[in-house]
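Chain and residue survey
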Amino acid sequence: HPGHLGGAALPQAEEEKGEERQGMKEFEGSPCYAFFRVQSAGVLDFWKGFLPAEKSVFPPEEVTRLLELAPFRSHAAGDLRPDGKSRYNFSAWYGCGQAEPAVSRFDQCGRIVQALSPRIPALLEIQARYNVAFSIQIFPCDGNPDCSVIGFTREIIDFCHRTGTEIVVDLFLYGSGQ
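All of the points below concern the structure found in this document. (Residues numbered from 1 in each chain as written. Predicted model: local features only at pLDDT ≥ 70, side-chain atom pairs only at ≥ 80, totals over all residues. Heavy atoms only, no water.)

**Quick word on the sheet that holds strand E6 (residues 73-75)**
- An order of E6-E7-E3-E8-E9 is seen for the five strands of this open sheet, with the pairing classed as mixed. This sheet does not close on itself; its edge strands, each paired only once, are E6 and strand E9 (166-169). Each neighbouring strand pair of the sheet contributes to a mean axis angle of 20 degrees, computed without reference to strand direction.
- Pairing of strand E3 (residues 33-40) with strand E8 (residues 132-139) involves eight bridges; the strand directions are antiparallel. Each bridged residue has a counterpart across the sheet, and for Gln39 the counterpart in E8 is Ala133. (Pairing = 2+ DSSP bridges. Helix = DSSP H or I, 4+ residues; strand = E, 2+ residues; numbered from the N terminus. Axes fitted to C-alpha atoms, helices over the stretch in contact; angles between N-to-C directions.)

Next comes the structure, spelled out in structure tokens:
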């Protein structure tokens, strides 16, 4: 049952991470994928979930306008969550999604950086206006030995350094059986 592990309720932070992974319908059928995320800065509290920082809420359509890229998914603070019962307390913009080639994290992350590198001034403008965090989110293949290597080229590392982008590798080891 989603939201439960061994009969005990999962803390809010675990539920939110599971929601993000399960909510990426754009990548259904692909066991591994990567994307770029702009999100309200804040702290992920184990029991309370995501706690946004001051001045971190932003209109996702402004990120779309500044980057001149359409997201595959976005939400503003106050938007209804997919469960229909609660609302997001933070803003997020998800773009530059990559699912092919399925076995190459180098290529997936490289294509994300290639799309965003000419837009570094716009990314820095977004950071100047809002308290946001940038990340390249990587969801490696579940149990596929062909996907066991994750590496980053100098170009990827340079882009991340210049923009303050974090690299997040989500191994999805929590809540097995969800």
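Once the structure has been displayed, the description carries forward.
**A look at the nonpolar core**
- Phe36 and Val38 are the most contacted members of the largest nonpolar core, which has 26 residues in total.
- Broken down by secondary-structure element, the contributors of at least two residues to this core are E3, helix H2 (60-67), strand E7 (92-98), helix H3 (105-116), helix H4 (120-129), E8 and helix H5 (154-163).
- Residue contacts for Phe36: discarding those within four places in its chain leaves Trp93, Tyr94, Gly95, Cys96, Ile112, Leu116, Leu123, Phe134, Ser135, Ile136, Phe159 and Thr165.
- In this structure, Phe27, Phe35, Tyr94 and Phe139 belong to the second largest nonpolar core, which totals ten residues. (Core = buried A, V, L, I, M, F, W, Y, C linked by side-chain atoms within 4.5 Å. Buried < 20%, exposed > 50% of the residue type's maximum accessible area, 1.4 Å probe, protein only. Contact = heavy atoms within 4.5 Å.)

**So, H4**
- Restricting attention to buried positions, one finds in H4 the residues Ile120, Ala122, Leu123 and Ile126. Looking straight down H4, one finds that the buried residues subtend no more than 160 degrees of arc, so they occupy a single side. Of the residues in H4, the exposed ones pointing more than 90 degrees away from the buried face are Pro121 and Ala128. (Arc of directions from axis to C-beta.)

**Let's talk about the side chain of Arg37**
- Tracing the backbone through its elements, the reader meets Arg37 in strand E3.
- Overall, Arg37 belongs to the buried group, its relative accessible area being 13%.
- At 3.2 Å, the side chain of Arg37 and the side chain of Gln39 are in polar contact. (Polar contact = N/O pair within 3.5 Å; in protein donor to acceptor, adjacent residues only side chain to side chain.)

**A few points about the packing of H2 against H4**
- H4 packs onto H2 with a crossing angle of 150 degrees between their chain directions and a minimal axis gap of 9 Å. Looking at the two axes, H2 sits roughly antiparallel to H4. Relative to H4, the crossing made by H2 is right-handed. The residues of H4 that touch H2, namely those facing Glu62, Val63, Arg65, Leu66 and Leu67, are Ala122, Leu123, Glu125, Ile126 and Arg129. (Parallel < 35°, antiparallel > 145°, perpendicular 65-115°, else oblique. Left-handed = near helix turned anticlockwise from the far one by under 90°.)

**A look at the environment of Pro121**
- Its location among the elements puts Pro121 in helix H4.
- Of the residues examined, Pro121 reaches a relative accessible area of 60% and is grouped as exposed.
- For the pair Pro121 and Leu67, spaced 54 residues apart in sequence, the C-alpha separation works out to 9.2 Å.

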